[in-house]
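Commentary on secondary and tertiary structure
Now for the letters of each chain:
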Amino acid sequence: MNKKYLRAIIGVLLAVVVLAVPSLMPDNYYVGLANLTLIYIIVAIGLNFIYGYTGYISFAQAGFFGVGAYTSALLAVDLHVNFWAALPLSGISAAIFGVMLGLPALKLSGHYLAMATIGFGIIVQMVLQNWTPVTHGASGIGSIPGVSIGGMELASQTQYYYFLLVFAILAAVLSWCIEHSSMGRSFKAVREDEIAASTSGINLTFTKVFSFALSALYAGIAGSLYAHMSSYISPDTFSFDQSIIFFTMVLVGGAGTVLGPIVGAVLLTFIPELLRFMQEYYMALFGIAIVLVMLFIPQGIVSFFSADSKLSAWLANHGLHSKERGGNT
Amino acid sequence: MGAIYALVALGIVVIANAVNVVNFAQGENVMLGAYVAATLTLTLHLPLLSSYLIAIIILGLYGYVFQRVAYFPLRKKPFITVVVSTIGVSLFLKNIARIIWGPQPIYFSGLFGEHTIQVANIFVDPQNLLIIGVTTCLVIFQYYFFAKTPLGRQMQATAQDQEAASLMGIKVSRMIALTFIYSSMLAAAAGVLLAPIFFVSADMGGSLGLKAFAASIIGGFGSVPGAIIGGLFLGVLEIFGAAYISSVYKDVFAFVILILILVFMPRGLFGEKISTKV
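Read on for an overview of the structure. What you see is a predicted model, and the numbers here were worked out from it, not measured in a lab.

**Quick notes on the overall build of chain A**
When helices and strands are counted, chain A shows 16 helices and two strands. At 20 Å, chain A has a C-alpha radius of gyration in line with the 20 Å of a compact globule built from 329 residues. If you line up chain A on its principal axes, its C-alpha atoms span 65 × 55 × 45 Å. Taking all 329 residues of chain A together, 53% fall into the buried category. Put simply, 77% of the contacts in chain A that link residues at least 6 apart link residues at least 24 apart. As presented, chain A carries roughly 14700 Å² of accessible surface, and 68% of it is formed by carbon and sulfur atoms. Chain A carries 12 positive and 13 negative side-chain charges, and their two centres are separated by 16 Å.

Below is the structure:
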C-alpha cells in the first residue's frame, strides 16, 4: 500500500478518535481528565520551545502556568473582567514573567539555569500562597466564572472538551509553523551550538528571551483556560513537582518534535490515573517509570516511530514497510 | 541549620565534581538516613550511636545501588537525562518512604533529648552544637582525605579528567561508585543529625535538597569551601530574614538570593571558572 495513503488513513482514524473522546470515556470524570490533558498539552508544547527547540532547561513552567491562572482568576473574580479579555491578558502577563526570567537566564546554562528556574517557580508559588490581600492566599480562589461564547455558557465537560480542543490544535499548529519558520531554525541553531549560531548572525539575546516568552505565553493561556474550566484554583497546583511533570511530559514524549509533548501530556495525565487503583504505590511507580524511560528511551516515545529508529529498521527488515517500498506499490 | 545545608550541599558538590551531574535525590537520601536510624533505634532498640553508624553504612550501600541503577547506564547521555533520572528516584524514594513508614512524622530524639545548655544568658540546644561540630570534623576529614590519601587523590583525578585518569591506571568506574557511596553517607550523617530538630517525615528531604543545591550555587558550584560557606550563609540568612523581614517568606529568601547571585555574580562567591571553547 502506498505510504501516503497509510498516513492519511491513520490521520483520519486519529481525528475520529480525538473527536469521539467524550463519548468514549466511561463517565464525566474521565472527560474532565481529557480536558485537563488538553490544557497540559498546551503547557507542554510551550515548554518544548525552550527545551526541545532552543535546548534550555526550564523547571519554571508550573510558575508561568500559575501566573496565567491567577491573572485570569483575579481579573474575573475581583474585577469582573470577561473571559475573552482575561485570556490574552493572562498570556501577556505570563510572557512578561517569561522575559523577566529569560533575561537573567541569558548568561546561564546547565545546573545554573536549572536552579534559577526552580527558584523562580518556588518564588511564584510562595508569593501566590502568602500574598493573601491580592492572591487570596493558601485557600485559593473559588467560583471563577465559566466560559461563555456569544452569550451561551459552556455547561458540560463535553462542551469544554471541544472548546479546549480548538485551543490545543491551534497551539500545535502554531508550534509547527514556528518550528518551520526562520525563528524555529534560529532556536535549533542555538540549541546545537550557541557560538556558531551567533557568528552566523543570529541574535542570541532575542532568540533566547523570545523562546522563554513564547513558552510562558503558552503556559499563561493554558493557565487561564484551566482557571475558567475548573472554577477553583489554589497555589498547590503550581508547585515544583508540577514543573517536573511538565518537563517529563516533553522528555517522555520526545523533545524537539510537535507530536512529542502531545504524546507525553496524554500519557502522563492518564497513566497516573490508571495506576490509581494501586493507591499509594502509584506515585512510587511513577518515579520508577521516569527512571526507566530515561534508561531505555531517552529520546522520547516519538523517536520510536521516527523513520530512522530501530523499530522502523526492524519493520523494514521484515518487509512490513519501508521508505523505498512505500512509493512503488 | 546552616551547617546542615552545608553538609547536604557538600554531598551534591562531591558528585557534581566527579561526574558533572546534579543529584536531585540528595534531599531524599537525607530523609532515608533519618528514617533508617529512627527505625533501628525505635523498633530494634539498638543503642543510638550504633544505629547512627549502621544507618550511615546502609546509606553507603544504597549509594552504590543508586549509581548502578540511575547513573551508570546513563553516563554517556546528556546531563539532563541523568538529572531527570535522579528526579525519578527522588519521587520514588519519597513515596516509598511514605508507604513504609506511614504518613505520620516520627519523633526521634537525639543524644541529648530535650535538654538545653545555658551559656551566659543564651539557651543553646546541644544538638545544634553537635551539628556544627560534626560538620566541621567532616569537612576537615574530607579535606585531608582528598588532598593527602592516595584514594582521595585518585577520586579527585577522576573528577578532573576521567579520560586522563583512566590512562593513569585509575579505575574510573570504581572511583565514581565510591564518590556516590561517600555522598550518600554524608546525606545519612545529615539525616541523623537533623532528625531531633525536625520530625522525621517523607517530605523532610524535598526542600532541604533544593536549598542545599541553592546553597552550593550561592557559594560557587563545584567548590567545596563554596558549598560550606554557601550553606552557612543561607542558614543565617533564613534566620535573620524570618526575624527582620517576614517569617512566612522564610523559604523564599534562599531562592531570591540565588537568582540575584546568578544575575550579578554567576560564578557564585567562590566559583568555578566558566569558559567556553570554540
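Having seen the model, we can carry on.
**Notes on the overall build of chain B**
Along its length, chain B carries eleven helices and two strands. Reading chain B from its N end, one meets helices and strands in the order α-α-α-α-β-β-α-α-α-α-α-α-α. Looking at the 278 residues of chain B, the share that counts as buried comes to 53%. Considering only residue pairs separated by 6 or more positions, chain B has 71% of its internal contacts joining residues 24 or more positions apart. About 12700 Å² of surface is accessible on chain B, with carbon and sulfur atoms providing 68% of the total.

**Description of helix α8 (residues 182-192) of chain A**
Residues and elements named next belong to chain A. Considered for burial, the residues of α8 that qualify are Met 183, Gly 184, Ser 186, Phe 187 and Val 190. With its buried residues spanning 160° around the axis, α8 presents them on a single face. Exposed residues lying more than 90 degrees from the buried face of α8 are Ser 182, Arg 185 and Glu 192. On the buried face of α8, the contacting elements are α2 (28-53), α7 (157-179), α9 (194-199) and α10 (204-230). Sitting at the head of α8, Ser 181 places a side-chain oxygen 3.2 Å from the backbone nitrogen of Met 183.

**Examining the interface of chain B and chain A**
In this complex, chain B contributes 42 residues to the contact, which on the side of chain A involves 38 residues. For the chain B and chain A pair, buried surface summed over both sides reaches about 3600 Å², with 83% attributable to carbon and sulfur atoms. For the pair chain B and chain A, the interface holds zero salt bridges. The interface formed by chain B and chain A holds zero residue pairs in polar contact (both at pLDDT 80 or more) in total. Those elements that provide at least two residues to the side of chain B that touches chain A are α4 (79-101), α9 (204-219) and α11 (250-264) of chain B. Here the side of chain B that touches chain A takes 14 residues from α4 of chain B, the largest share from any one element. In terms of residue class, the side of chain B that touches chain A is built from 31 nonpolar, six polar and five charged.

**Some thoughts on a nonpolar patch on the surface**
Among the surface-exposed residues, Tyr 281, Leu 285, Ile 288, Leu 292 and Phe 296 of chain A lie close enough to one another that they form a single nonpolar patch of about 480 Å² accessible area. With respect to the helices, strands and loops of the structure, Tyr 281 of chain A is situated in helix α13 (residues 281-296).

**Topic: the packing of helix α3 (residues 61-78) of chain A against helix α4 (residues 83-105) of chain A**
Residues and elements named next belong to chain A. In the contact formed by α3 and α4, the axes pass within 8 Å of each other and the chain directions differ by 145°. Read as a crossing pair, α3 and α4 show a hand that is right-handed. In contact with Phe 64, Val 67, Gly 68, Thr 71, Ser 72 and Leu 75 of α3, α4 contributes Ala 86, Leu 87, Leu 89, Ser 90, Ser 93, Ala 94, Phe 97, Gly 98 and Leu 101. A per-class count over the contact of α3 with α4 returns nine nonpolar, six polar and no charged.

**A short note on the pattern of salt bridges**
Any two side chains of opposite charge can pair if their charged atoms end up close together. This model, assessed by the stated rule, comprises three salt bridges over all chains. Salt-bridge contacts for Arg 191 of chain A lead to Glu 192 of chain A; the nearest nitrogen and oxygen are separated by 3.1 Å. One salt bridge in this structure joins Lys 211 of chain B and Glu 238 of chain B, with 3.0 Å as the shortest N-O distance. With Lys 211 of chain B in helix α9 and Glu 238 of chain B in helix α10 (residues 224-244), this pair connects stretches of sequence that are 27 residues apart. Grouping residues by exposure puts Lys 211 of chain B and Glu 238 of chain B together as buried.

**Quick notes on the packing of aromatic side chains**
Evaluated as defined, the whole model comprises 34 aromatic pairs over all chains. Judged by centre distance (6.0 Å) and plane angle (10°), the rings of Phe 240 of chain B and Tyr 244 of chain B are stacked. Remark: Tyr 244 of chain B and Phe 240 of chain B occur in helix α10; sequence separation between them is four residues, near one turn of the helix. Residue Tyr 244 of chain B is classed as exposed on the basis of its relative accessible area of 66%. One aromatic cluster is present, formed by Tyr 40, Phe 65, Tyr 70, Tyr 226, Phe 238 and Phe 246 of chain A through successive ring pairs.

**Let's talk about the nonpolar core**
All names here are of chain A. Core analysis: the largest hydrophobic core is formed by 193 residues, its most contacted members being Phe 65, Leu 225 and Ile 233. Top element by residues in this core is α2. It accounts for 17 residues. Apart from the residues within four sequence positions on either side, Ile 233 is in contact with Ala 69, Tyr 70, Ala 73, Gly 140, Ile 141, Ile 144, Tyr 226, Ala 227 and Phe 238.

**Side note on α9 of chain B**
Between its first and last C-alpha atoms α9 of chain B spans 23 Å; for 16 residues at 1.5 Å apiece the expected length is 22 Å, and the two agree. Burial analysis of α9 of chain B places 14 of its 16 residues in the buried class, which makes it a mostly covered element.

**Thoughts on the packing of α4 of chain A against α10 of chain A**
Residue and element names in this part refer to chain A. Their axes nearest at 7 Å, the elements α4 and α10 cross at an angle of 145°. Handedness of the crossing formed by α4 with α10: right-handed. Across the contact of α4 with α10, the residue classes tally to 17 nonpolar, seven polar and no charged.

**Points about the environment of Met 183 of chain A**
All names here are of chain A. Its place among the elements puts Met 183 in helix α8. A relative accessible area of 16% places Met 183 in the buried class. Every residue in contact with Met 183, bar those within four places of it in the chain, is listed here: Ile 178, Phe 206, Thr 207 and Phe 210.

**Quick look at the environment of Ala 215 of chain B**
Residue and element names in this part refer to chain B. Looking at the secondary structure, you find Ala 215 in helix α9. On the basis of relative accessibility, which here comes to 0%, the residue Ala 215 falls in the buried class. Residues Ala 215 and Ala 227, spaced twelve residues apart in sequence, show a C-alpha to C-alpha distance of 6.3 Å. Ignoring sequence-local partners within four residues, the contact set of Ala 215 consists of Gly 226, Gly 230, Gly 231 and Leu 234.

So, how was this worked out
- Every chain begins its residue count from 1, and numbering advances along the sequence as written.
- Starting at A for chains and at 1 for ligands, labels are handed out in the order in which the entities are written.
- Given that this is a predicted model, residues contribute local features only at a pLDDT of at least 70 and side-chain atom pairs are listed and counted only at 80 or more, while totals for whole chains, interfaces and linings are drawn from all residues.
- Note that the side-chain values use all heavy atoms of the structure and ignore hydrogens as well as water.
- Secondary structure is summarised from DSSP: a helix means a run of H or I of at least four residues, a strand means a run of E of at least two, and numbering begins at the N terminus for each.
- Computation of the radius of gyration draws on C-alpha atoms, with the globule rule given as 2.2 Å multiplied by the number of residues to the power 0.38.
- Accessibility here uses a 1.4 Å probe with only protein chains present; expressed as a share of the type maximum, an area under 20% marks a residue as buried, one over 50% as exposed, and anything in between as partly exposed.
- The contact rule is simple, with two residues in contact once any of their heavy atoms fall within 4.5 Å.
- The Shrake-Rupley method, run with a 1.4 Å probe, gives the accessible areas here. Residue values count only the displayed protein chains as cover.
- Under the counting rule used here, the positive set is Lys and Arg, the negative set is Asp and Glu, and His together with the chain ends is not counted.
- Positions of charges follow a simple convention, taking NZ of Lys, CZ of Arg, CG of Asp or CD of Glu.
- In this context, the arc is that of the directions from the helix axis out to the C-beta atoms.
- Distance and chemistry together define a polar contact, namely a pair of N or O atoms within 3.5 Å, with one atom able to donate a hydrogen and the other to accept it when in protein, and with adjacent residues in sequence counting only for side-chain atoms on both sides.
- The term buried area means the drop in 1.4 Å probe accessible area that two parts suffer when joined, counted for both and summed.
- For this analysis, a salt bridge means a side-chain nitrogen from Lys or Arg found within 4 Å of a carboxyl oxygen belonging to Asp or Glu.
- Side-chain classes are defined by residue name, with Ala, Val, Leu, Ile, Met, Phe, Trp, Tyr, Cys and Pro counting as nonpolar, Asp, Glu, Lys and Arg as charged, and the others, Gly among them, as polar.
- Candidate patch residues must exceed 30% relative accessible area and have no salt bridge, after which like charges are joined if within 9 Å and Val, Leu, Ile, Met, Phe, Trp or Tyr side chains if within 5 Å.
- Whenever a helix is involved, its axis is fitted only over the stretch in contact; in every case the axis is a line through C-alpha atoms, and angles between N-to-C directions fall within 0 to 180 degrees.
- Note on convention: near helix rotated counterclockwise from far helix by under a right angle means a left-handed crossing. Clockwise means right-handed.
- Note on aromatic pairs: the rings of Phe, Tyr and Trp (six-membered ring only in Trp) are paired at centre separations within 6.5 Å, and the planes decide the class, stacked below 30 degrees, edge-to-face beyond 60, tilted for the rest.
- We define a nonpolar core as any set of buried Ala, Val, Leu, Ile, Met, Phe, Trp, Tyr and Cys residues linked to one another through side-chain atoms lying within 4.5 Å.
- Residue count minus one, scaled by 1.5 Å, sets the expected span of a helix.

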